[in-house]
Amino acid sequence: MDRFVDAFLNQRVIDKYLPDILWGMVVTIEVAAAVVVTGILGGLLLAALRSFRIRALNVLIVLMVDVFRSLPPLVMILIAYFGLPNVGLSLSGFTVLWLVLSLVLAAFAEEIFWSGILSIRKGQWEAARSTGLNFVQTLAWVILPQAIRMTVPPLTNRTIAITKNTALGAVIGVPEILMQAQTAQSFSGNATPLLLGSIAYILLFIPVVAVGRWLETRFAWGRA
Amino acid sequence: MELFVDQFLNFEIMHQALPLLLRGLGMTLQLCLVVVPLGLAGGLAVALICRSRWRAVRWPAFVLIDFFRAVPPLVLLIFIYAGLPFAGIRPSPFVAVCVAFLLNTSAYYGEIYRAGIASIGRGQWEAARSTGLNSFQTLAWVVIPQAVRNVLPDLISNTVEVVKLTSIASVVAMPELLYSADMARSLTYNPSPIVAAAAIYLALLWPCVRLLSRMEHRVGR
């Protein structure tokens, strides 16, 4: 038992490396917030563009969405981080992580918003247009507000799942929680930082998971 | 443009790396054949435990589900692979990946089954029991088959996520598809092998994603 405490809850190691882990939490929150904002806005924009039903554009959107839903994020991260510098485009690890995860979230969010838009009955479009609203006004003031309400639970769950991928940043040197924990673990030769890192993630994400659970019952599909 | 093709779509290098990539693909498929059934079975167990009559059984199950949904799978994997040796347990990369995936995916599959079972009305239970089936038979032959059908899109979608997730095994030096591709990249100083690996993932998963998006939009309408 003593050995266990020494390896996983070592007070000396905690004192020394806790600031690093806390700093990692700040970086994780920064990337996560940036990804959530750009990813969801990007998805909403794509879904809105798709409702214009311009054939060539929609083929492109569907293609993009399919590709970003099919590829593992780590594969795209490695291509962007190790590949792009060879063609003269060096992006920082932070930028690569943000860009890739935003694109992935945008792809999933587009699908969810589009399902929401499709679920609004045709009569809503017709009624809004007949009151003199133009297409964009109808989309913005009548269709999207109803569609978005229904997409809250699936979108929340998907957003949480994708935001957790910020841990992949450790592979390309983004100083987020996991990276800080691994570095501290190898410097200290002790597993305590890994436990601290896990606890940091739990502190960050348990509230979000709980809110997601609550939203799921509050905005259940089809009740809107 | 030529530089781009040379760097990302260099067929010569892709061709050289192909045997390595195929071996990696074999490993990825093997891994999927282990972790997907494990997750499906673990998830079902979790969903049934969550329906237990006793609160002392139900509560810890819910806490564990939320716990494993809050920890990123890569963190769990690193903890098992790099942390447990300090407690005297030394899992091989394969075992570490399987354990991490079992814990993570059971939580996700469990939530899906739970929603499915909840979608089956009381009448189905009562009708099945009144024909003389016991409660285990009711669950196995009446409730679960209908529940699975109701949440099939979610089950497929989660399975696609699990297959994609196997790529993180590369971080603990397990020679699956992405690891092999990255090794070929560092040997050739050219990212084309990873692009080839991406193409393989795409070929595997695109049909599933297409199918899913059709299913989802039908449900949405």
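Please read these numbers as outputs of a predicted model, since none were measured by experiment.

Rules used in this analysis
Residues numbered from 1 in each chain as written. Chains lettered and ligands numbered in written order. Predicted model: local features only at pLDDT ≥ 70, side-chain atom pairs only at ≥ 80, totals over all residues. Helix = DSSP H or I, 4+ residues; strand = E, 2+ residues; numbered from the N terminus. Rg over C-alpha atoms; globule rule 2.2 N^0.38 Å. Buried ≥ 20, exposed ≤ 12 C-beta atoms within 10 Å, placed from the backbone. Axes fitted to C-alpha atoms, helices over the stretch in contact; angles between N-to-C directions. Left-handed = near helix turned anticlockwise from the far one by under 90°. Contact = placed C-beta atoms within 7 Å. Nonpolar A, V, L, I, M, F, W, Y, C, P; charged D, E, K, R; others polar. Core = buried A, V, L, I, M, F, W, Y, C linked by C-beta atoms within 7 Å. Parallel < 35°, antiparallel > 145°, perpendicular 65-115°, else oblique. Expected span 1.5 Å × (residues − 1).

Turning next to the overall build of chain A. Across its full length, chain A carries nine helices and zero strands. Secondary structure of chain A in N-to-C order comes out as α-α-α-α-α-α-α-α-α. Taking 224 residues into account, the globule formula puts the C-alpha radius of gyration at 17 Å, and chain A, at 22 Å, lies well above it. On the principal axes, the C-alpha backbone points of chain A span a range of 75 × 45 × 25 Å. Looking at the 224 residues of chain A, the share that counts as buried comes to 43%.

Let's shift gears to the packing of helix α2 (residues 11-50) of chain A against helix α9 (residues 192-218) of chain A. Residue and element names in this part refer to chain A. The N-to-C vectors of α2 and α9 enclose an angle of 40°; their axes lie 10 Å apart at closest approach. The element α2 and its partner α9 pack so that their crossing is right-handed. Residue-level inspection shows V13, I14, Y17, L18, I21, G24, M25 and T28 of α2 in contact with α9, the latter providing T192, P193, L196, G197, A200 and L204. Residue classes in the contact of α2 with α9 are distributed as 10 nonpolar, four polar and no charged.

Another aspect to go through is the interface of chain B and chain A. With 41 residues of chain B at the interface, the matching set in chain A holds 40 residues. Every element with two or more residues in the side of chain B that touches chain A is listed here: α1 (2-8), α3 (55-70), α4 (73-83), α9 (177-188) and α10 (192-220) of chain B. It is α10(B) that contributes the most residues to the side of chain B that touches chain A, 14 residues altogether. Classifying every residue of the side of chain B that touches chain A gives 27 nonpolar, six polar and eight charged.

With that settled, consider the environment of L38(B). All names here are of chain B. The topology assignment puts L38 in helix α2 (residues 11-50). As for L38 and L103, which are separated by 65 residues in sequence, their C-alpha atoms are 9.6 Å apart. Residues in contact with L38, not counting those within four places in the same chain, are C98, F101 and L102.

Attention now moves to the nonpolar core. Core analysis: the biggest nonpolar cluster contains 121 residues, and V75(A), I77(A), L97(A), L77(B) and A197(B) have the highest contact counts within it. Of all the elements, helix α5 (residues 93-118) of chain A adds the most residues to this core, at 16 residues. Not counting the four nearest positions on each side in its chain, A197(B) is found in contact with V75(A), L21(B), L177(B), L178(B) and A181(B).

Each pair of packed helices can be described by the angle between their axes along with the distance between the axes. Residue and element names in this part refer to chain B. Relative to each other, helix α5 (residues 93-118) and helix α8 (residues 152-165) sit at 170°, their axes nearing to 10 Å. As the angle between them shows, α5 and α8 are arranged roughly antiparallel. Of the residues in α8, those touching α5 at T105, Y108, Y109 and I112 are D154, L155, N158 and V162.

The next subject is unusual backbone geometry. Phi angles above zero are rare outside glycine, and R53(A) is one such case at about 55°. Checked against the element boundaries, R53(A) lands in the loop between α2 and α3 (55-70). Of the residues examined, R53(A) has 8 C-beta atoms within 10 Å and is grouped as exposed. With a phi angle near 60°, A173(B) is a residue other than glycine that sits in the positive phi range. Looking at the secondary structure, you find A173(B) in the loop between α8 and α9.

The next subject is α3(A). The terminal C-alpha atoms of α3(A) lie 22 Å apart, and with 16 residues this matches the ideal 22 Å at 1.5 Å per residue to within 8%. Residues of α3(A) that are buried: V65(A), F68(A), R69(A) and S70(A).

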